[in-house]
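Here is how the chains run, residue by residue.
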Amino acid sequence: MKVAKNGRITLSSAGKSYEFSPDFIVLYSPVDPVLALKPAGIPKVAYNIPTWKTMGNTNSDYVQQQVSESVAGDGFDDKILRSKKENRTANIYHSGAASFLVANKVIETQDSVLLLFPEQPLFTLKAWIKKDMGTDVQLHFVLTPKNDGFYSVGYTGAPSFDKDKAAELWQPLIWTEKRAPRQPYMTPSFMATLPTTLVNDGSNSIGVMADPKYLPFQPLPLLENSQFGIALLNNKMQLQPQVFAPILGGVNSQMTAGKVFSFSVSLIVKPLDITGTYEHLARKDMGFRDYRTNATVSMNTTLDNLIDYSKTHYAWFIDSLKGFAYSTDVPGAVKNVSSLNPMELALVRDDKEMFEKRAYPLMEFMLSREKFLFTLDSAQKIQSPSRKLKGPIAPLSELQVLYNIFGKANSFYPLMAEKEFGSARVRNLDEKQKGHNWINAMFMFKLTSDSSYLKLSKELADIYLKERVDKRIEQFGDPMVSANFFWPTFTNNWSALLELYELTGEQRYLNAAHDGARHYTLFTWMVPQIPDSLVTVNKGGKAPMYWYLKSKGHRQMYYRRKSTCMASVRSRSYT
């Protein structure tokens, strides 16, 4: 690390040098900007972003989304989706009155470099860098308001890049590979799997990471207790890792004159790609490791207990509809996505009851229903259920497995599979899946042993590698899926690529699968850090009550209060 007389910090890695300048922005609002999550409005992507109320129409660039009545259920919050139309912005730089500052005085002490900024009528800002921190460079800042109001400080001095010059980027949760935000959107800390954004220039990954202490283990991280936000796009529409603390309108942002606010960030330059940097920070700074141990019972006993539970009425299996109740989302509906899980359990455990009461009814469901979500209620619109027996809803992969499990004795499985391969079907929500693709060709080979299917699978997979894997994707959706909803749709189809490698032994498929799997880890929370302290659960003898279930009339469950040391427990098996 080198600090110049003008306060610029130079970090070097892999033969390249990067300057972090002493640049900040302070956002101010005399009134509460009413921070609120709103739908981002990205086609075929259900994702919410922070927004702020604006004074008048000048910066009101957020367009309220029209949400259909089919969009409802667990994870869909009407307070977010269907709140009243207001003048709002999702652009951080428009959320308040902005003051851009550059340090105009640098004072070097024995252990620090102090950065001073021009005096402002509303506040005073100071920052400093600790010397001799090894490879870690920490930047600390202090804001002292002169007027009451709402404040947010953003560090905006990291290196910036034009979008077309970046090899890859990352802003949790959804902006991965080369998918960039359309505006300077913020990710609040409770939605950050690591407290940073990253940009890779082909040699190094660059970021600015909030100190993890500002994302504590308790209370449960939510928007209302998020102490900071992170961003990747700046006001010049360039890629530039940024941290804002506090979030304007969020916790700690309402300040009184003279009361000091302080915060710390780390400057990151690593000679690794995005996923390599993610792993490095997770292991080194967040303490991630293989720390699962058994607690009161073994993993096998835990599985036995879960299976026993699945056979009780608490599992909400509805015999007449041959499915598990989905009424917390869609009243009167059941939803199944596969019969293979109970089938596997029945076979491994030699469990007749599991086969007859769970696996067999689910097989009938998967072979007969039109969609995973089924209801007899003709008026039900939520999540677009089906009432028709126009199966099979079972994916071609499941037809192949069932055909093999029963000794290839049932000729209707290949007939169904061939029909599905040549057609398209909506299985879940409103997402149409084409049958003729490299994944289904692979399963057709497994089902028929016809080498022409394997040849076709490889030909189509190689096109997929060229279009989807060999170059970083810049838009949402890909050749296999038109919408991004569940996390696997945001990466390449690495699990199927691994299966194709296992069939062919051809390295390119394994390499692509490895890359996809590593990108999938970007959706794994590495924060908050697990504390080395006692944590009390079930306070007052009550289990936590999920707001969504409470809104559906569910009653809170009673369970004994318990305190345990998280550092020794980490991840364990419980009954």
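All figures in this text were calculated on a predicted structure; none of them were measured in a lab.

Calculation rules
- Residues numbered from 1 in each chain as written.
- Predicted model: local features only at pLDDT ≥ 70, side-chain atom pairs only at ≥ 80, totals over all residues.
- Heavy atoms only, no water.
- Pairing = 2+ DSSP bridges.
- Helix = DSSP H or I, 4+ residues; strand = E, 2+ residues; numbered from the N terminus.
- Axes fitted to C-alpha atoms, helices over the stretch in contact; angles between N-to-C directions.
- Salt bridge = Lys/Arg side-chain N within 4 Å of Asp/Glu carboxyl O.
- Parallel < 35°, antiparallel > 145°, perpendicular 65-115°, else oblique.
- Left-handed = near helix turned anticlockwise from the far one by under 90°.
- Contact = heavy atoms within 4.5 Å.
- Nonpolar A, V, L, I, M, F, W, Y, C, P; charged D, E, K, R; others polar.
- Buried < 20%, exposed > 50% of the residue type's maximum accessible area, 1.4 Å probe, protein only.

Peer 1: I tried to follow the sheet that holds strand E10 (residues 112-116) on my own but got confused; where do I start?
Peer 2: Whenever strands of a sheet pair, they do so through backbone hydrogen bonds, lying parallel or antiparallel. Taken together, 8 strands build an open sheet; the order of strands is E9-E10-E11-E12-E21-E17-E16-E14 and the sheet is antiparallel. The sheet is open, and its two edges are formed by strand E9 (105-108) and strand E14 (168-170), each paired on a single side. This sheet shows a mean twist of 15° between the axes of neighbouring strands, independent of strand direction. Sheet analysis places E14 next to strand E16 (residues 198-200), joined by 3 bridges and oriented antiparallel. Bridging across to E16, Leu 169 finds its partner in Val 199.

Peer 1: Please explain the pairing of strand E3 (residues 16-20) as it appears in this structure.
Peer 2: Consecutive residues of a regular strand have side chains that alternate between opposite faces of the sheet. The pairing of strand E2 (residues 9-13) with E3 spans 5 bridges and is antiparallel. Among the inter-strand pairings, Ser 12 is bridged to a residue of E3, identified as Ser 17. Hairpin geometry of E2 and E3 is characterised by an intervening segment of 2 residues between the two adjacent antiparallel strands and by a positive phi of about 55° at Ala 14.

Peer 1: It is not clear to me how the pairing of E9 should be interpreted in this structure. Could you clarify?
Peer 2: Pairing geometry for E9 and E10, over 4 bridges, is antiparallel. Bridge pairing in E10 links Lys 105 to Leu 116. Following E9, the chain reverses through 3 residues before pairing antiparallel with E10.

Peer 1: What is the right way to read the sheet that holds E3 from this model?
Peer 2: Here 3 strands make up an open sheet; going across it, the order is E1-E2-E3 and the pairing antiparallel. Bordering the open sheet on either side are strand E1 (2-3) and E3, each of which pairs with just one other strand.

Peer 1: Before we go on, may I ask you to explain the pattern of salt bridges in this structure?
Peer 2: A complete count under the given rule lists 28 salt bridges for this structure. A salt bridge links Lys 146 to Glu 119, with the shortest nitrogen-to-oxygen separation between them at 2.7 Å. With a gap of 27 residues between them, Lys 146 in the loop between strand E12 (137-145) and strand E13 (149-155) and Glu 119 in the loop between E10 and strand E11 (123-130) connect regions that are remote in the sequence. Here the residues in one salt-bridge network are Asp 304, Lys 311, Arg 349, Asp 351, Glu 353 and Lys 357, joined through shared partners.

Peer 1: Quick question: what am I supposed to make of the packing of helix H4 (residues 340-349) against helix H5 (residues 352-368) here?
Peer 2: Two measures define how a pair of helices packs: the angle their axes make with one another and the distance between the axes. In the contact formed by H4 and H5, the axes pass within 8 Å of each other and the chain directions differ by 150°. Regarding the angle of H4 to H5, the classification is roughly antiparallel. Our pair here, H4 against H5, has a crossing hand that is left-handed. The residues of H5 that touch H4, namely those facing Pro 342, Met 343, Leu 345 and Ala 346, are Met 354, Phe 355, Arg 358, Ala 359, Leu 362 and Met 363. Each residue belonging to the contact of H4 with H5 can be placed in one class, and the counts come to 9 nonpolar, no polar and 1 charged.

Peer 1: Could you clarify how one ought to interpret the packing of helix H7 (residues 412-421) against helix H8 (residues 438-448) in this entry?
Peer 2: Here H7 crosses H8 at 160°, and the two axes come no closer than 11 Å. With respect to each other, H7 and H8 are oriented roughly antiparallel. In this structure, the crossing between H7 and H8 has a hand that is left-handed. Seen from H7, the contacting residues are Tyr 413, Pro 414, Ala 417, Glu 418 and Phe 421; seen from H8, they are Asn 440, Ala 441, Met 444 and Leu 447.

Peer 1: Which parts of the structure should I look at to understand helix H6 (residues 396-405)?
Peer 2: Those residues of H6 not exposed but buried are Leu 396, Glu 398, Leu 399, Gln 400, Leu 402 and Tyr 403. Buried-residue contacts for H6 involve H4, H5, H7, strand E27 (424-428) and H8. Trailing H6 by a residue or two, Gly 407 shows a phi angle of about 70°, which is positive.

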